[in-house]
Amino acid sequence: MSYVDEVIEQVVKQNPAEPEFHQAVKEVLESLRVVVEANEEKFRKDALLERLVNPERQIKFRVPWVDDKGQVQVNTGYRVQFNSAIGPYKGGLRLHPSVNLGIIKFLGFEQIFKNSLTTLPIGGGKGGSDFDPKGKSDREIMAFCQSFMTELSKYIGADVDVPAGDIGTGAREIGFMFGQYKRIRGSFEGVLTGKGLSYGGSLARTQATGYGLLYLTNALWKDHGMSLEGKTAAVSGSGNVAIYAIEKAQELGVKVVTCSDSTGWIYDPNGIDVALLKEVKEVKRARLTEYAAAKSTAEYHAKQNGEHGVWQYKVDLALPCATQNELDIEDAKMLVANGVTSVTEGANMPTTLEATKYLQENGVLFVGGKAANAGGVATSALEMSQNSERLSWTFEEVDGKLKGIMETIYANISDAAKRYDATVGGKTDYVAGANIAGFEKVVDAMLAQGVC
Ligand code: NDP
């Protein structure tokens, strides 16, 4: 059996009931097969893949807090410190009822390669809790965040592990967590990113993932001799990534006709009104029904199982920006039938493996989240640099660096794919390119640091 297959089998056996983690490992190792096979003897002797798929440390802890009725609630907190070969662990904190160890491990594993791709010195980690921030009062959110950080503060630090936001963790939650860290550790340091501007946050961090997705998509289209100007896009989600992807897409002349949340989706043939979307989602924290109520051209559709949602419309580019596995094989078939040119992922693993394969084999330009949404973590790393320097850069400075980083990421994944002759459906295999480019740097650092 090949080394890659052996390690995949081991991962499934040693990590039962963690399908998302299995999926992520399988996807990465499959596409690294060419590189691993070229170095099989050495990598095997060094147990390189076994080290790569085993987190350096995984922490699971109790998070007790008191709700507004005086009832004690108990959630579970996680931090997986996956790989520190190229820098301190870095990765977001997800607060969502679906969170479990397997999901955090899948996200942490992907983060290693994504962080490596940013060209910046950051290792891979991820954390979160099964706490559901929806419907909670500000006081309840604070009580949860303080309890969560009371435990987490033992394991993180500006040069050790620097968490950030993710689903359910926005500026409010980061603020509460930062305050608690400072109280407990007595240290004002860049221990979290996504902070408010008044206490060490970076300009353009809010916009970074969505903007970065479009900078990369733009580079991809340009490289293929096409322009985004005048094209139509479907976006899923209406959270942080989706909103700023829509904003930048519109700046680049793209008409975005959809967005969604977990209960339904909007189709607006006139283009999504991003100011209204921000008002509904960022200010009122309301459902998309409110968007539809305020905009006469918008249709609201409640989510129903088996429907294609935002992927059923005829568009040139698809930008999945909501959550994992939200674009399946049937959606992929629909997009291909409607002549989509590119799918670039704003969310983490939103496209199932089967759908990814189908899109690629049918000549769709496909760039996975590891490369396409790396703008968020790249700007987090820029926030770390600013904190270390005790300086704040202007919006233009950060945005300019972000654009440069995303263009470099595109160039690097394209180059890695070409070096290994990785093509699929007659097009460059950017998924393989991203995994190879991310992997090469991490492996180089791991081998240089000996058995650790
Ligand atoms: P948010 O919490 O701000 O938004 C998530 C959005 O996805 C919401 O609109 C949510 O709707 C929607 N959603 C959640 N579950 C579903 C579902 N099952 N079907 C349809 N819509 C759904 O998160 P972000 O925008 O920050 O993150 C989105 C994705 O991007 C995640 O995969 C995240 O890991 C990834 N990412 C985020 C980065 C960042 O900088 N924020 C960086 C890199 C990746 P509802 O409000 O109803 O829950």
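Residues numbered from 1 in each chain as written. Predicted model: local features only at pLDDT ≥ 70, side-chain atom pairs only at ≥ 80, totals over all residues. Heavy atoms only, no water.

Undergrad: Quick rundown of the sheet that holds strand 12 (residues 365-367)? Include the residues and the values.
TA: Two modes of strand pairing occur in sheets, parallel and antiparallel, and in both the strands are linked by backbone hydrogen bonds. As summarised here, the arrangement of the 7 strands in space is 9-8-7-6-10-11-12, forming an open sheet in which the pairing is mixed. With partners counted over all chains shown, the strands left at the sheet margins are strand 9 (299-302) and strand 12, one partner each. Strand-to-strand twist across the sheet, computed as the mean angle between neighbouring axes with direction ignored, equals 15°. Across 4 bridges, strand 6 (residues 232-236) lies against strand 10 (residues 317-320) in parallel orientation. Bridge assignment links Ala233 to a residue of strand 10, and that residue is Leu317. In this fold helix 9 (residues 240-251) packs onto strand 6 and strand 7 (255-261), with an angle of close to 175° to the strand it touches most, strand 7. (Pairing = 2+ DSSP bridges. Helix = DSSP H or I, 4+ residues; strand = E, 2+ residues; numbered from the N terminus. Axes fitted to C-alpha atoms, helices over the stretch in contact; angles between N-to-C directions. Contact = heavy atoms within 4.5 Å.)

Undergrad: Please set out the pattern of salt bridges residue by residue, giving values where relevant.
TA: Under the definition given, this model contains 26 salt bridges. In this structure, the salt-bridge partner of Lys105 is Glu18, at a minimum N-O distance of 2.8 Å. Of the two residues, Lys105 sits in helix 5 (residues 101-117) while Glu18 sits in the loop between helix 1 (3-14) and helix 2 (19-38), which places them 87 residues apart along the sequence. What makes Glu18 buried here is its relative accessible area of 9%. Within the structure, one salt-bridge network assembled from shared partners comprises Asp5, Glu30 and Arg33. (Salt bridge = Lys/Arg side-chain N within 4 Å of Asp/Glu carboxyl O. Buried < 20%, exposed > 50% of the residue type's maximum accessible area, 1.4 Å probe, protein only.)

Undergrad: Hey, could you go over the sheet that holds strand 4 (residues 123-129) for me, with residue numbers and the actual values?
TA: The strand order 1-2-4-3-5 describes an open sheet built from 5 strands, whose pairing is mixed. Either end of the sheet is taken by a strand with one partner, and the two such strands are strand 1 (57-66) and strand 5 (161-164). Each adjacent strand pair in this sheet contributes to an overall mean axis angle of 20°, direction not counted. When strand 3 (residues 89-95) meets strand 4, the two strands line up parallel, connected through 5 bridges. Directly across from Lys90, in strand 4, lies its bridge partner Gly124.

Undergrad: Before we move on, can you summarise the site of the ligand with the specific residues and values?
TA: Taken together, 24 residues surround the ligand, and among them Arg94, Asp166, Thr209, Ser262 and Arg287 come closest. At 2.9 Å, a backbone N or O of Ser238 approaches an oxygen atom of the ligand. A distance of 2.5 Å separates an oxygen atom of the ligand from a polar side-chain atom of Arg287. Against a free-state accessible area of 890 Å², the protein chains account for coverage of 84% of the ligand. Of all the secondary-structure elements, those providing two or more residues to the shell around the ligand are helix 8 (205-223), helix 9 and strand 7. Class assignment of the residues belonging to the shell around the ligand gives a composition of 5 nonpolar, 12 polar and 7 charged. (Near = heavy atom within 4 Å. Polar contact = N/O pair within 3.5 Å; in protein donor to acceptor, adjacent residues only side chain to side chain. Areas by Shrake-Rupley, 256 points an atom, 1.4 Å probe, with all protein chains shown as cover. Nonpolar A, V, L, I, M, F, W, Y, C, P; charged D, E, K, R; others polar.)

Undergrad: How would you summarise a nonpolar patch on the surface if you had to cite specific residues and measurements?
TA: On the surface, a cluster of nonpolar side chains totalling about 250 Å² of accessible area is made up of Val66, Val72 and Val74. Topologically, Val66 is positioned in strand 1. (Patch = residues over 30% accessible without salt bridge, like charges linked within 9 Å, V, L, I, M, F, W, Y side chains within 5 Å.)

Undergrad: An account of the nonpolar core is requested, with residue identities and associated values reported.
TA: By size, the foremost hydrophobic cluster in this structure holds 104 residues, and its most contacted members are Leu29, Leu49, Phe109, Tyr291 and Phe439. If one sorts the elements of this core by residue count, helix 17 (residues 430-448) sits on top with 10 residues. If sequence neighbours within four positions are ignored, Phe439 has contacts with Leu32, Val35, Phe43, Leu48, Leu49, Leu52 and Phe113. Core analysis: the next-biggest nonpolar cluster, separate from the first, contains 21 residues, Leu93, Phe144, Phe148 and Leu152 among them. (Core = buried A, V, L, I, M, F, W, Y, C linked by side-chain atoms within 4.5 Å.)

Undergrad: Residues and numbers for the packing of helix 12 (residues 329-337) against helix 13 (residues 353-361), please.
TA: Running from N to C, helix 12 and helix 13 cross one another at 20°; their axes reach a closest spacing of 8 Å. Classified by the angle between their axes, helix 12 and helix 13 sit roughly parallel to one another. When the axes of helix 12 and helix 13 are compared, the crossing they make is right-handed. On helix 13, the residues that touch Ile329, Ala332, Lys333 and Val336 of helix 12 are Glu354, Ala355, Tyr358 and Leu359. Counted by class, the contact of helix 12 with helix 13 contains 6 nonpolar, no polar and 2 charged residues. (Parallel < 35°, antiparallel > 145°, perpendicular 65-115°, else oblique. Left-handed = near helix turned anticlockwise from the far one by under 90°.)

Undergrad: So what's going on with the environment of Leu216? Residues and values would help.
TA: Locating Leu216 in the fold gives a position in helix 8. The sequence separation of Leu216 and Thr408 amounts to 192 residues, and the corresponding C-alpha distance is 8.9 Å. Filtering out sequence-adjacent residues up to four positions away, Leu216 remains in contact with Thr344, Val367, Ala371, Ala372, Met406, Ile409 and Tyr410.

Undergrad: Before we move on, could you go through helix 10 (residues 274-283) and cite the residues and values that matter?
TA: Listed as buried for helix 10 are Val274, Leu276, Leu277, Val280 and Lys281. For helix 10, the buried positions fall inside an angular range of 155° around the axis, keeping them on one side. Seen from the open side of helix 10, the exposed residues pointing more than 90 degrees away from its buried face are Ala275 and Val283. In this fold, the buried residues of helix 10 make contact with helix 9, strand 7 and helix 11 (288-294). Capping the start of helix 10 is the job of one residue whose side-chain oxygen sits 3.2 Å from the backbone nitrogen of Ala275: Asp273. Among the residues trailing helix 10, Arg285 stands out with phi positive, at a value near 50°. (Arc of directions from axis to C-beta.)

Undergrad: Account for the side chain of Asp429, naming residues and giving values.
TA: Relative to the helices and strands, Asp429 resides in the loop between strand 14 (427-428) and helix 17. No salt bridge is formed by the buried Asp429. Its closest oppositely charged neighbour is Lys370, at 10 Å. Non-local contacts of Asp429, meaning those with residues more than four positions away in its chain, are made with Gln360, Ala417, Ala422, Thr423 and Val424. (Lys, Arg positive; Asp, Glu negative; His and termini not counted.)

Undergrad: Residue-level account of the pairing of strand 2 (residues 72-83), with values.
TA: With 10 bridges joining them, strand 1 and strand 2 adopt antiparallel strand pairing. Along strand 2, the bridge assignment pairs Val63 with Asn75. Hairpin connection from strand 1 to strand 2: 5 residues lie between these consecutive antiparallel strands, with Gly70 at a positive phi of about 90°. Examined bridge by bridge, strand 2 and strand 4 share 6 bridges and lie antiparallel to one another. Its bridge partner lying in strand 4, Val80 is registered against Lys126.

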